[in-house]
Amino acid sequence: MPTPAPSRLAVVLLASIALPLAGQAKPKPAAPKKAEAPKAAAAAPAVAGPVLAPASLKAFKARALGPAQMGGRVSEIALHPRDPYTWYVALGTGGLMKTSDNGASFKALFDREAVHSLGAVAIAPSAPKVLYAGSGEANDRNSSGWGDGVYKSTDGGETWTHTGLRSSRTIARVLVHPTDSNTAWVAATGDLWNWGGERGCYRTTDGGATWTRSLSAPKPWDERAGCGDIVMDPKEPTTLYAALYARRRQPWEFIWGASATDGNDVGGIFKTTDNGATWSKLTNGLPARTGRIGLAVSASDPRIVYALVQSDAHGTDGIDQVESRSGGVFRSDDAGATWRRVNDYNPRPFYFSQIRVDPTDPNTVYVLGFVLAQSTDGGKTFQEDRSRGVHADLHALVIDPKAPKRLLLGTDGGVYQSYDAGKGWVFHNSFAGGEYYRINVDLSVPYRICGGLQDNLNWVGPSATRSAEGIRNADWVNITGGDGFYCFFDRDDPDLVFAESQQGALHRFHLRIADRKQLRPTPQEGQRAFRFHWNSPLLPSAHDKGAFYLAGNHVFRFTDRGDKWTVISPDLSAQQYDRTRTTGSGAENYGVVYALAESPVRAGMLWAGTDDGRLWLTRDGGQQWTELTANLPAALKGQWLTRLEASAADPEVAYLVCAAYRSGDLSPHAYRTADGGKTWQSVAGDLPANGPVKVLKEDPFNPNVLYAGTEFGLFVSADRGGRWTRLGELPTIPVDDIVVHPRERDLVIATHGRSLYVIDDIRALHDLTVEAQAAPVAFAPPRPALGAPKFPGWTDSWGTATYRGENPPDGALLTYHVKEWTGDGVSVSIAGPDGRTVASLKGPGAPGFQRLAWDLKPTSEFLAQGRSQQNRFVRPGTYKVTLSYGKTKVERELEVRVVEGVETW
């Protein structure tokens with residue numbers, strides 16, 4: 001592992017983190033050039049590189065930073081029927097959490113399964129160790145994940161077996177028979193983005209070995225309509241109610257109900273009294289043209305059934321309109337034979353549509369929406385004051401049947417508990433479930449991370465702390481926003497952070513004085529409006545002092561700390577204006593630049609890719625743009641171009657990835673060009689076949705090393721995409737962004753469901769050569785190490801319900817690679833600047849990468865008898881580290897630094 005030369009790559013990357021912002025000349029955009037004719041595809045790149053076996057990379061285990069105070073979206077909560085302190089939390093994109101101490105601590109249970117997204121979890125009442133998990137979140141968000149069917153556990157969630165319905169994609173509810181754990185019902189909603197697959201109400205009587213579709217829409221609409229909810233009569237389990245619902249999301253729109261079935265009204269509420277052998281549609285008193293429907297049966301009086309009904313029979317409703325024209329809360333007092341509308345209340349149905357009834361009082365009803373609304377008069381009136389101090393957007397509610405004032409609530413921001421029917425709430429921020437989109441880093445010591453999260457704003461926090469408590473929730477600072485996305489630090493003043501929220505809502509925030517200014521570009525009155533995506537690219541320039549870029553349907557260049565901007569491109573989209581006028585939150589904004597990258601090694605060179613399949617390149621800062629769309633690989637024609645990465649080694653090299661799941665393609669699309677976009681070759685290699693790539697990064701110190709964040713984990717390649725290996729031992733989770741820190745060479749990982757991770761000091765990985773791998777042992781040059789005492793904190797008095805992110809090991813991190821096991825371990829001897837040995841360490845000799853941490857203190861054999869190390873470190877200076885393995889010895893130098901004022905030996 002030779003020491004890499006301190007090339008300009010590192011300098012360029014440092015500049016790309018953030019730059020001082022000052023005025024710049026503003027180039028005038030010119031008309032785009034015609035696309036070049038496509039050329040024959042070049043052969044796939046063949047680059048020699050070391051073979052990275054999964055077992056050899058275990059030393060590069062990612063540490064979890066959190067934070068946990070901004071939780072992710074909860075899809076369902078299941079309460080143990082006999083133990084009130086045990087309950088399960090299903091996360092939309094983060095797997096399954098279990099608590100056995102009423103939320104003081106949580107254990108992740110679904111981390112090694114094939115998928116991460118859960119829509120439902122149910123406990124068998126007669127055998128509580130039996131659990132069924134329905135994969136695929138059924139909330140119809142543009143960021144919702146997908147699953148591959150039903151999973152079953154017979155040991156309380158410790159292990160899982162896949163039990164069918166693989167093409168259901170999303171599951172809204174699972175019911176288990178009260179006395180037979182082998183009988184269960186599933187509400188399969190179907191693929192959010194594409195027609196087909198398993199949709200409807202399914203039943204198993206053999207514990208999931210086989211499933212029978214019991215209820216579906218009539219053909220051919222069974223390819224479009226699925227089951228959105230199912231409930232059971234608590235006193236007569238052969239009686240069930242189910243709701244059918246058709247919907248489809250496309251990049252530019254969301255359609256539902258009869259609009260999704262060519263005007264055919266196939267949805268609605270259905271009932272069976274013979275265990276699903278026959279079903280009848282309930283219509284008496286219910287509206288036509290229904291959409292998503294939530295159902296609830298009173299446990300104390302099963303004749304009373306509630307339905308929260310979406311309907312456009314008399315017109316549709318806006319995003320903020322909670323009173324429906326023809327839908328709302330409906331009640332039946334005769335087991336569904338007749339219904340009456342008791343309230344028009346129905347907030348944002350596609351995202352909520354959840355209703356619950358107090359198990360002891362049939363007139364106490366809860367509706368989940370932006371807030372928690374409670375009725376105590378059977379739905380006639382609702383109070384929207386039952387969720388003060390709770391994150392908005394509610395999706396899951398459990399009412400404890402033995403203590404109905406106790407509520408468990410799942411939101412877009414995590415899990416809450418109330419003991420007084422919603423007057424007060426406890427936030428269970430003791431597990432990290434944040435859904436990050438994008439991150440960036442600064443050059444502080446320790447460096448900080450900024451990032452944006454789904455419905456949880458933009459935040460800044462430390463990669464490490466000097467506290468024995470670890471990285472606390474309180475160490476993170478909110479810098480405002482809505483849904484958070486791209487961000488970066490100003491290089492001259494790292495307390496100045498630029499961040500972006502949905503629809504290009506750009507702002508800058510000063511951390512010291514909490515000053516905020518909105519910077520979103522707006523055209524003059526009467527001009528055509530700019531279009532910005534839900535997640536608009538924002539990046540600082542590596543070359544132009546003070547410049548940064550924001551992309552919508554145009555590319556914008558900013559100067560003077562964002563106070564000045566200019567348009568530097570024409571509209572780069574396909575300009576399909578019939579698809580760009582969707583109303584709502586901005587999630588369906590379409591026809592915009594979604595991928596943007598600047599060459600770190602050639603000023604003025606920008607790559608831009610759109611969500612409607614167009615690819616562009618400018619070499620002169622935007623004065624002229626060349627369209628490269630015709631050169632794209634066939635698999636990417638018309639697809640949503642997801643991310644671009646410009647090489648730090650060669651300006652003609654770039655990488656393009658496409659997550660094409662919206663069109664039904666789950667393949668890992670990752671491509672490389674070496675000729676400025678004229679030809680493209682796949683670098684997807686042996687990435688898992690059904691794992692779309694979300695981000696690809698080239699290592700800035702070794703262009704043959706690539707990192708890929710996929711829908712289901714993190715991977716590394718040492719041969720430029722020929723072979724890939726899973727990295728970091730992360731849970732099965734979407735990796736939405738990756739940053740290599742230019743000084744520390746840490747790999748910082750943003751997951752969409754389990755917050756942030758860091759793999760410390762990956763230089764041994766990107767410096768490994770075929771020759772070094774063939775040596776008996778290879779010892780990577782250690783990075784400089786800092787001796788800094790830890791603040792004692794208050795760790796023994798905070799209790800166990802406090803989340804603490806992991807700090808890196810203290811002192812120096814020593815990484816080496818062993819070729820093969822010889823029966824010997826590794827010995828390390830460390831000598832000071834004066835040549836005297838101060839420490840000796842022992843390490844494992846197992847094959848692959850191994851790591852040792854030295855705390856920068858003399859080891860016991862080199863201390864005078866009775867002397868204590870306390871908080872004293874060895875003196876600053878250059879130390880010689882000698883690693884011995886069998887007959888092989890390797891020496892490296894280690895620079896030791898110590899915090900000023902700290903006593904040394």
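Remember, it's a predicted structure, so these values are computed and weren't measured experimentally.

A. Spatial organisation of the overall build of the protein. Within the protein, the secondary structure is distributed over three helices and 66 strands. Here the protein has a C-alpha radius of gyration of 29 Å; the compact-globule value for 905 residues is 29 Å, and the two agree. The principal-axis extents of the C-alpha atoms in the protein amount to approximately 90 × 75 × 55 Å. Counting across all 905 residues of the protein, residues that qualify as buried make up 64%. Sequence separation of 24 or more characterises 58% of the internal contacts of the protein that already satisfy a separation of 6 or more.

B. Geometry of the environment of proline 692. Tracing the backbone through its elements, the reader meets proline 692 in the loop between strand S50 (681-682) and strand S51 (693-698). A C-alpha to C-alpha distance of 30 Å links proline 692 and alanine 78, two positions 614 residues apart in sequence. The residues touching proline 692, leaving out its near neighbours within four places in the chain, are Trp146, Ala659, Tyr661, Leu666, Ser667, Pro668, Thr710, Glu711 and Phe712.

C. Here's a closer look at the sheet that holds strand S37 (residues 505-510). Spatially, the four strands line up as an open sheet ordered S35-S36-S37-S38, and their pairing is antiparallel. The strands lining the two open edges of the sheet, one partner per strand, are strand S35 (484-489) and strand S38 (515-518). Put simply, the sheet's adjacent strands are angled 20 degrees from each other on average, direction ignored.

D. Here's a closer look at the nonpolar core. Grouped together as the largest cluster of nonpolar side chains are 31 residues, with contacts concentrated most on Tyr707, Leu714, Leu727, Leu747, Ile749, Ile759 and Leu765. Going through the elements one at a time, strand S53 (713-717), strand S55 (735-740), strand S56 (747-751), strand S57 (756-759) and helix H2 (763-767) are the ones with two or more residues in this core. If one sorts the elements of this core by residue count, S55 sits on top with three residues.

E. Geometry of the pairing of S57. Along S57, one buried face is formed by Leu756 and Val758 and the opposite face, lined by Tyr757 and Ile759, is buried too. Two elements, S56 and S57, share four bridges in a ladder whose sense is antiparallel. Within S57, the position partnered with valine 748 by the bridge is valine 758. Taking the residues between adjacent antiparallel strands as the criterion, S56 and S57 are bridged by four residues, where glycine 753 takes a positive phi near 150 degrees.

F. Examining unusual backbone geometry more closely. The amide bond that connects glycine 66 to the next residue, proline 67, takes the cis arrangement and shows omega of -5 degrees. With respect to the helices and strands, proline 67 occurs in the loop between strand S1 (63-66) and strand S2 (74-79). Between lysine 219 and the following residue, proline 220, the backbone shows a cis peptide bond with an omega angle of 5 degrees. Looking at where proline 220 falls in the secondary structure, it is placed in the loop between strand S13 (212-215) and strand S14 (225-232). Even without being glycine, aspartate 262 reaches a positive phi, approximately 55 degrees. The residue aspartate 262 is located in the loop between strand S16 (253-256) and strand S17 (268-272) in this model.

G. Just the pairing of strand S11 (residues 184-188), in detail. Counting buried positions along S11 gives five out of five residues, so the element sits mostly inside the fold. Here five bridges tie strand S10 (residues 171-176) to S11, and the two strands are oriented antiparallel to one another. Bridge assignment links leucine 175 to a residue of S11, and that residue is tryptophan 185. Relative to strand S12 (residues 200-204), S11 runs antiparallel, the two sharing five bridges. If you follow alanine 188 over to S12, its bridge partner there is glycine 200.

H. How the structure looks around the packing of aromatic side chains. Overall, the coordinates contain 29 aromatic pairs when judged by the stated rule. On the numbers, 6.1 Å between centres and 85 degrees between planes, the contact of tryptophan 146 with phenylalanine 712 is edge-to-face. In this pair, tryptophan 146 sits in the loop between strand S7 (131-135) and strand S8 (150-153) while phenylalanine 712 sits in the loop between strand S52 (706-710) and S53, placing the two residues 566 residues apart along the sequence. In this structure, tryptophan 146 and phenylalanine 712 share a single accessibility class: buried. Grouping aromatic residues by their ring pairs yields a cluster made of Phe254, Phe350, Tyr351, Phe352 and Phe370.

I. Molecular detail of the sheet that holds S55. On the basis of which strands lie adjacent, the open sheet formed by four strands has the order S1-S57-S56-S55 and antiparallel pairing. Every interior strand has two partners, whereas the edge strands, S1 and S55, have only one. Averaged over neighbouring strand pairs, the angle between their axes works out to 25 degrees when direction is ignored. Sheet analysis places S55 next to S56, joined by five bridges and oriented antiparallel. Across the sheet, isoleucine 738 pairs through a bridge with isoleucine 749, a residue of S56.

J. Expanded view of the pattern of salt bridges. On inspection of all chains with the given rule, the structure shows 50 salt bridges. Aspartate 490 serves as the salt-bridge partner of arginine 561, at 3.8 Å between the closest nitrogen and oxygen. You can see arginine 561 sitting in the loop between strand S41 (555-559) and strand S42 (564-567) and its partner aspartate 490 sitting in the loop between S35 and strand S36 (496-501), a full 71 residues away along the chain. A residue is classified by how much of its surface remains accessible, and arginine 561, at 30% relative accessible area, is partly exposed. Taking relative accessible area as the criterion, aspartate 490 reaches 1% and is therefore assigned buried. Salt-bridge contacts for arginine 723 lead to aspartate 719; the nearest nitrogen and oxygen are separated by 2.8 Å. What you see here is one network of salt bridges that share partners, running through Asp442, Arg448, Asp493, Asp495 and Arg512.

K. Structural view of the side chain of arginine 448. As for its placement among the helices and strands, arginine 448 is situated in strand S31 (residues 448-453). Here proline 494 takes part through its backbone oxygen, which lies 2.8 Å from a polar atom of the side chain of arginine 448. At a separation of 3.1 Å, a polar atom in the side chain of arginine 448 contacts the side chain of aspartate 495. Residues contacting arginine 448, with those up to four places away along its chain left out, are Asn440, Val441, Asp442, Val460, Gly461, Pro462, Ser463, Phe489, Pro494, Asp495 and Leu511.

L. Structural view of the confidence of the model for the protein. Per-residue confidence for the protein gives a mean pLDDT of 93, with 94% of residues at or over 70. Counted against residues more than four places away or in other chains, residues 2-43, with its pLDDT under 50, gives 120 contacts.

M. Seen up close, the environment of glutamate 598. Checked against the element boundaries, glutamate 598 lands in strand S43 (residues 593-598). Considering only alpha carbons, one finds glutamate 598 and arginine 619, 21 residues apart in sequence, at a separation of 9.9 Å. Beyond its immediate chain neighbours, meaning those up to four positions away, glutamate 598 contacts Leu539, Pro540, Ser541, Ala542, His543, Tyr549, Met605, Leu606 and Ala646. At 2.8 Å, the side chain of glutamate 598 and the side chain of serine 541 are in polar contact. A polar side-chain atom of glutamate 598 sits 2.7 Å from the main-chain amide nitrogen of alanine 542.

N. Looking closely at the side chain of threonine 272. Structurally, the position occupied by threonine 272 is in strand S17. On the basis of relative accessibility, which here comes to 1%, the residue threonine 272 falls in the buried class. Within the structure, the side chain of threonine 272 is placed 2.9 Å from the backbone nitrogen of glycine 276, a separation counted as a polar contact. Contacts of threonine 272, omitting those with residues within four sequence positions, involve Thr238, Thr239, Leu240, Ala277, Thr278 and Trp279.

Rules behind the numbers
- Residues numbered from 1 in each chain as written.
- Predicted model: local features only at pLDDT ≥ 70, side-chain atom pairs only at ≥ 80, totals over all residues.
- Heavy atoms only, no water.
- Helix = DSSP H or I, 4+ residues; strand = E, 2+ residues; numbered from the N terminus.
- Rg over C-alpha atoms; globule rule 2.2 N^0.38 Å.
- Buried < 20%, exposed > 50% of the residue type's maximum accessible area, 1.4 Å probe, protein only.
- Contact = heavy atoms within 4.5 Å.
- Pairing = 2+ DSSP bridges.
- Axes fitted to C-alpha atoms, helices over the stretch in contact; angles between N-to-C directions.
- Core = buried A, V, L, I, M, F, W, Y, C linked by side-chain atoms within 4.5 Å.
- Phe/Tyr/Trp six-rings, centres within 6.5 Å; stacked < 30°, edge-to-face > 60°.
- Salt bridge = Lys/Arg side-chain N within 4 Å of Asp/Glu carboxyl O.
- Polar contact = N/O pair within 3.5 Å; in protein donor to acceptor, adjacent residues only side chain to side chain.
- pLDDT = per-residue confidence, 0-100.

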